[in-house]
Amino acid sequence: MAESDVKILGGWPSPFVMRPRIALNIKSVGYEFLEEKFGVKSDLLIKSNPVYKKIPVLIHGDKTICESLVIVQYIDEAWSSGPSILPSDTYDRATARFWAAYIDDKWFPALSGIPKAQGEEAKAEAVKQLLSGTALLEEAFHKCSKGKAFFGGDSIGYLDIALGSFLGWLRVTELNGLTILDAEMTPGLAGWAENFCADSAVKEVMPETRKLAEFAKMLFTKMRAPPST
Amino acid sequence: MADEITLLDFWPSPFGMRVRLALTLKGIDYIYKEENLQQKSDLLLKSNPIHKKIPTMIHNGNPISESLIMVQYIDETWPKSSSLLPSDPYGRSQSRFWADYVDKKVYDCGRRTCFAKSPEEGDAAVKELLECLKVVECELGEKLYFGGENLGYVDVALVPFYSWFYAYESFGGLSIRDECPKIVAWAKRCLENESVAKSLPDQQKIYEFVVTMRKKFGVE
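Quick caveat: nothing in here was measured; it's all calculated off a predicted structure.

Thresholds applied
Residues numbered from 1 in each chain as written. Chains lettered and ligands numbered in written order. Predicted model: local features only at pLDDT ≥ 70, side-chain atom pairs only at ≥ 80, totals over all residues. Heavy atoms only, no water. Phe/Tyr/Trp six-rings, centres within 6.5 Å; stacked < 30°, edge-to-face > 60°. Helix = DSSP H or I, 4+ residues; strand = E, 2+ residues; numbered from the N terminus. Buried < 20%, exposed > 50% of the residue type's maximum accessible area, 1.4 Å probe, protein only. UniProt positions renumbered as here; feature names shortened; annotations may be inferred. Salt bridge = Lys/Arg side-chain N within 4 Å of Asp/Glu carboxyl O. Disulfide = S-S within 2.5 Å. Domains from an automatic or database assignment. Contact = heavy atoms within 4.5 Å. Buried area = accessible area lost by both parts, 1.4 Å probe. Polar contact = N/O pair within 3.5 Å; in protein donor to acceptor, adjacent residues only side chain to side chain.

Caption draft 1: Local environment of the packing of aromatic side chains. Throughout the structure, instances matching the rule amount to 31 aromatic pairs over all chains. Relative to phenylalanine 166 of chain A, the ring of tryptophan 107 of chain A has its centre 6.2 Å away and its plane inclined at 50°; by these criteria the two rings are tilted. Here tryptophan 107 of chain A is found in helix H4 (residues 90-116), whereas its partner phenylalanine 166 of chain A is found in the loop between helix H6 (158-164) and helix H7 (167-174), with 59 residues between them in sequence. A residue is classified by how much of its surface remains accessible, and phenylalanine 166 of chain A, at 0% relative accessible area, is buried. Ring plane angle 70° and centroid distance 5.7 Å describe the contact between tryptophan 11 of chain B and phenylalanine 209 of chain B, whose orientation is recorded as edge-to-face. Taken as a pair, tryptophan 11 of chain B in the loop between strand E1 (5-9) and helix H1 (14-25) and phenylalanine 209 of chain B in helix H11 (residues 203-217) lie far apart in primary sequence, 198 residues in all.

Caption draft 2: Up close: the UniProt feature "domain: GST C-terminal" (unreviewed entry) in chain A. Here, UniProt's "domain: GST C-terminal" (unreviewed entry) annotation points to residues 89-215 of chain A. Split by type, residues 89-215 of chain A is 69% helix and 0% strand. Its first and last C-alpha atoms lie 40 Å apart.

Caption draft 3: Summary view of the pattern of salt bridges. Overall, the coordinates contain 19 salt bridges over all chains when judged by the stated rule. In this structure, lysine 27 of chain A engages aspartate 76 of chain A in a salt bridge whose closest nitrogen and oxygen atoms are separated by 3.0 Å. Residue lysine 27 of chain A is located in the loop between helix H1 (15-26) and strand E2 (32-35), and its partner aspartate 76 of chain A is located in helix H3 (residues 68-78); the two are separated by 49 residues in the primary sequence. With a closest N to O distance of 3.0 Å, glutamate 128 of chain B and arginine 112 of chain B form a salt bridge. Here glutamate 128 of chain B is found in helix H5 (residues 119-140), whereas its partner arginine 112 of chain B is found in helix H4 (residues 89-115), with 16 residues between them in sequence.

Caption draft 4: Spotlight on the state of the cysteines. If you walk through the whole model with that rule in mind, you get zero disulfides over all chains. Cysteine 66 of chain A takes part in no disulfide bond, and the closest cysteine sulfur to it belongs to cysteine 138 of chain B, at a distance of 15 Å. Cysteine 144 of chain A carries a free sulfur, and the closest cysteine sulfur to it, the one in cysteine 197 of chain A, is 19 Å from it.

Caption draft 5: Focus on the UniProt feature "domain: GST C-terminal" (unreviewed entry) in chain B. This chain's UniProt record puts "domain: GST C-terminal" (unreviewed entry) on residues 88-209 of chain B. Along residues 88-209 of chain B, the helical share is 75% and the strand share 0%, with 40 Å between the first and last C-alpha atoms.

Caption draft 6: A look at the domain arrangement of chain B. Residues and elements named next belong to chain B. If you check the domain split of chain B, you get domain 1 (5-77) and domain 2 (89-217). A C-alpha centroid distance of 21 Å is found between domain 1 and domain 2. Between domain 1 and domain 2, the contact holds 16 residues from the first and 27 residues from the second. Summing both partners gives a buried area of about 1800 Å² for domain 1 against domain 2, and 71% of it is carried by carbon and sulfur. The interface formed by domain 1 and domain 2 contains one salt bridge. Between aspartate 103 and arginine 18 there is a salt bridge, with the nearest N and O atoms lying 2.7 Å from each other. Applying the counting rule to domain 1 against domain 2 returns five residue pairs in polar contact (both at pLDDT 80 or more).

So, in structure tokens, the structure goes:
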């Protein structure tokens, strides 16, 4: 199918947008990246995702698919001849889905809660939550990877994509002096993070930490600014 | 080896109902264990140490939790009978999207409608509940079921909430039948299926449960 038949509507800083881009790279499927302007929703976005009006959106021919993990599963099933993204065993699939949901519902809110926390106590509590969640993921990594480089085994899979997409933001958080992944506390995940970011499907879509940090600064400034009239 | 399935559950839970329904639709035998949520069993705490929540299913010693993940697991492990997800990738993506929408919206608005601590909170919850039911009603359109001609994944995800409708209406001061007639008609159509009728408690029982819980939470 021609590259123009596959489009991703998104923004370079979004970890959710990174997920389907990695998935398409794994499948060696070319696509057009339609960059949304920050702070302004295009007519195409509103028309393609009327329910949430959010990125990412995958446009495949005349079909639109929304919600990052739904899109990743769609990509895995629509291009079934490429390397598999979800595990083949149904129990392993349930395990991968469970941890991906945990990452989205608990772990990432804990990560993004840190810069939003007001006061020392709240910040300490937010950090505590994030670190205990990360310890659970370290355990999950050992169970799922079974000694191999990725949650998915020898190559990147669903759970790698779900967690790995947040590595850019994780590194931005670490710039402020907090250690989240390191060789002592989380040896498995520390090694996994390096392998993930070095992978050919990930390299070109993972933003540079400095660039993301600048974006984060701009974002928080905008969030704290009084609303414009 | 015969399959051994235990479902740890709590009878009013719409999430538990989803799993009961999926197993029943597929004709799969299982052992139902009612959990006391004030005193969770060792088995539940061991099987779902992360969330410690029901429903949790144990299949041949392997625990699975999170209702929609469980329903997909059931559909994939027993693919031959009553497929819940469509076979084409796009159809599957749409089913997953809408089941996820039900998860994000219906439960929370419904809970806030029943247990609102102030009239303002209640009104806001009712408004949101109706909004999301109308969105879902629009998605149903003229189809018999969300799954098309037969019950599917989204039907399984949503129909348990029908058992809570009388509670939503009584405490929210609304008529879902008037506001979303197609959803009510769809739910009644689902209930004509024996598996659905078996898996959903009576609306009156749920209402009485909510009355008890409201007293417990000190909601007047």
